[in-house]
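# Analysis of the macromolecular model
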Amino acid sequence: MASRVAQGLCAYGLIVRMWMRSTLAYRTSFVMMTFGDFVATALDFVAIMLMFSQIEALGGFTLPEVAFLYGTSSVSLGLADLLFGSMERLGRRVRDGTLDTLLLRPAPLLAQVAADRFALRRLGRITQGLLVLGWSVSRLDVDWTVGRMLMVPLMTVCGAAIFAAVFTAGAAFQFWAQDAAEVQNSFTYGGNTMLQYPPTVFARDLVRGVTFVIPLAFVNWLPALRLLGRPDPLGLPGWVDFMGPAVAALMCAGAGLAWRGGVRAYRSTGS
Amino acid sequence: MSGAAAAERLIEVDGVEKVFSVRRKAGRLRRVKDEVRAVDGISFRVPRGEMVGYIGPNGAGKSTTIKMLTGILVPSGGRLRVAGIDPARERTRLARRIGVVFGQRTTLWWDLPLKDSYELVRRMYRVPDTAYRANLERCVELLDLAPLLDVPVRQLSLGQRMRGDIAAALLHDPEVLYLDEPTIGLDVISKAKVREFLLEVNAERGTTVLLTTHDLTDIEQLCRRVMVIDHGRLVYDGGLAGLRAAGDGERTLVVDLERELPPIEGVPGARTVKVEGPRQWLAFPAARSAAPLVAAVAERYPLVDLSVREPDIEDVIAKLYAGGDSGPDSPGGA
Ligand SMILES: Nc1ncnc2c1ncn2[C@@H]1O[C@H](COP(=O)(O)OP(=O)(O)O)[C@@H](O)[C@H]1O
Ligand SMILES: [Mg+2]
């Protein structure tokens, strides 16, 4: 197991380097795409700031508080997207049978698919998320004990793991349905858009679904509410707020199983 | 399994099947499930160092067999071992020991110089430096790759890319090399180069080679043993010579007479199929000896010269396919 992980990381690094060099062959388009991505995500937050020029609070949350939700969710998704986001293209490789060539290499397929068409331009979202997060932390009215300070990186990493599990499970599903990427996108990118706003602005049933069905609430809502000293809209017991790491681990294990099933179901194409 | 036994049969295939379930349109909206038995219970063994041709018409199941032998596809039934490894279970472990070339797909990096793809192979397979350098040098020399190493793969011609792909599959010293239509679409010179290279690799390294092709010249020049698959079943497994006999092939006796004469008659077991001036063609069963025939002709006709032609392998195979289901039993080869 440990050697497989090492093998996977090594293969991931090698393939990422090959893709980065491939993209450098088209330098101008690389620069333009990176810039475009950065602008697109930046506008996203500008919209929220504009909203706050009209109102004092959103669902009872101040601008720094919303910025905190926005930043944590963006960084989590950004990390997962940078490292695993290319998996959504798996369907294409399944449909045209080019996954065959990856299956011939002496490296775990998951690592190879995650590194496939690695795009450094995805750093744009992380950068922007970190900027917003930094600003919000400097403005928040929170007593920053060591424990609270550690909670921020911990929750972003767990959040990234949760999103990565969704990316992986979504990709696994594409072994059976090659156009399943849309469904998975609505959970990752769509979920991220939702998590950027306070849970109080959404219908209760939606919040329940995001807590118990696809537990995205553990990415930032539950731990952030605790940090900000806000009550949980679902009135769950306090310890639930700290279940993020466990939820992330469970989701990763589930995604791993789905992935294995998917690979075994792969049927290539007739040639 | 003992080492000696493993060496004896590097590839073991026992009653292997692959069934694809496909959905087919039936009428406007209805879809029915259908089964395609791509590989329908085949068995064979390949000892270390052998070079085997695997032929059959389109859709016979050749590629599917190779994909199961590499671990890409999980068999629906039967037992499969390559170098003692179950490919589907331990695909990544097997990967280090096999080399694969799919004529219709490339493993090379499209936008990068050819040598970058080789560098990736070196690192990913952890090929020791000295072995890597020696292998690369050899491939570059025999496949004429020197002028191509710095060229982005997308700029290579099909023949150049195929040579590049074959080299990539051999840099880690695989024990087995699978080639799925490696000469498809290549020009004559590239084909010749590839064949020569494969002979060399097989002779020097003892690399076991399994190759599918549509070009029977590949088989004639490379393989002593041929397996023929049709509709997912092996219809022949044996030597090239035996294949000619198995397909009820006929050999042809070509005789040059002193002058133009009416078609030769009255030679038992032979019939005249063509006359062109003083030259005549007599067909006779491939399994029979030509000597009594020659004697019988010489006795009654003014014979100047003669030659015997082997049956055309394409005809033989066409006949085998036609008789697919009731095909002859495999004469040995296992
Ligand atoms: N992924 C697949 N899904 C459905 N049918 C397939 C698939 N791959 C191969 N087949 C079918 O299996 C049969 C054998 O295909 P293949 O092994 O590619 O033949 P060959 O390589 O001998 O031309 C064909 O009928 C083909 O249509
Ligand atoms: Mg084929």
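This report concerns the structure included in the present document. Nothing here was measured: the structure is a model prediction, and the numbers come from that model.

Taken as a whole and assessed by the stated rule, the structure comprises 0 disulfides over all chains. Free cysteine: A:Cys158, not disulfide-bonded; nearest cysteine sulfur from A:Cys252 at 9.3 Å.

Now for the sheet that holds strand E8 (residues 225–230) of chain B. Pairing between the strands of a sheet comes from backbone hydrogen bonds, and it takes one of two forms, parallel or antiparallel. All names here are of chain B. If you walk across this open sheet you meet the 6 strands as E5-E6-E7-E3-E8-E9, and the pairing is mixed. Each edge of the open sheet carries a strand with a single partner, namely strand E5 (98–102) and strand E9 (233–239). The mean angle between the axes of side-by-side strands here comes to 15°, regardless of whether they run parallel or antiparallel. Running at roughly 150° to strand E6 (residues 176–180), helix H2 (residues 62–70) makes contact with strand E3 (51–55), E5, E6, strand E7 (208–212) and E8 of the sheet. Helix-sheet contacts for helix H6 (residues 158–170) involve E5 and E6, and the interaxial angle to E5 is about 165°.

Ranked by size, the top nonpolar core spans 114 residues in total, and within it A:Leu99, A:Trp259, B:Tyr118, B:Tyr178 and B:Leu243 carry the most contacts. Element by element, the count of residues in this core is highest for helix H1 (residues 2–24) of chain A, at 7 residues. For B:Leu243, the contacting residues outside a window of four places in its chain are B:Val226, B:Val228, B:Tyr236, B:Ile313, B:Val316, B:Ile317 and B:Leu320.

This next bit is on the side chain of B:Glu181. Residues and elements named next belong to chain B. Counting through the fold element by element, Glu 181 comes out in the loop between E6 and helix H7 (188–205). There is no salt bridge for the buried Glu 181, and the closest opposite charge comes from Lys 62, which lies 4.7 Å off by N-O distance. Beyond its immediate stretch of four places on either side in the chain, Glu 181 contacts Lys 62, Gly 103, Gln 104, Thr 212 and His 214.

Right, let's talk about the packing of aromatic side chains for a bit. In total, this model carries 7 aromatic pairs over all chains according to the counting rule given. With centroids separated by 6.0 Å and ring planes inclined at 70°, the aromatic side chains of A:Phe167 and A:Tyr189 adopt a geometry described as edge-to-face. With A:Phe167 in helix H8 (residues 146–173) and A:Tyr189 in helix H9 (residues 181–195), this residue pair connects regions lying 22 residues apart in the sequence. Note on A:Phe202 and A:Trp221: the rings are 5.8 Å apart at their centroids and 40° apart in plane angle, and the pair reads as tilted. Here the residue A:Phe202 occupies a position in the loop between H9 and helix H10 (204–213), and A:Trp221 occupies one in helix H11 (residues 221–228), the gap between them amounting to 19 residues. With relative accessibility at 2%, the residue A:Trp221 sits in the buried group. Each residue in the set A:Phe175, A:Trp259 and A:Tyr266 is aromatic and connected to the rest through ring pairs, giving one cluster. Its guanidinium or amino end placed over the ring of A:Phe61, A:Arg230 lies 4.5 Å from that ring's centre, counting from NZ or CZ. For B:Lys274, the ring lying beneath its charged end belongs to B:Trp281, and the centroid distance is 4.4 Å.

Basis of the calculations
- Residues numbered from 1 in each chain as written.
- Chains lettered and ligands numbered in written order.
- Predicted model: local features only at pLDDT ≥ 70, side-chain atom pairs only at ≥ 80, totals over all residues.
- Heavy atoms only, no water.
- Disulfide = S-S within 2.5 Å.
- Pairing = 2+ DSSP bridges.
- Helix = DSSP H or I, 4+ residues; strand = E, 2+ residues; numbered from the N terminus.
- Axes fitted to C-alpha atoms, helices over the stretch in contact; angles between N-to-C directions.
- Contact = heavy atoms within 4.5 Å.
- Core = buried A, V, L, I, M, F, W, Y, C linked by side-chain atoms within 4.5 Å.
- Buried < 20%, exposed > 50% of the residue type's maximum accessible area, 1.4 Å probe, protein only.
- Lys, Arg positive; Asp, Glu negative; His and termini not counted.
- Salt bridge = Lys/Arg side-chain N within 4 Å of Asp/Glu carboxyl O.
- Phe/Tyr/Trp six-rings, centres within 6.5 Å; stacked < 30°, edge-to-face > 60°.
- Lys NZ or Arg CZ within 6 Å of the ring centre and 35° of its normal.

So yeah, pure geometry; function would need other evidence.
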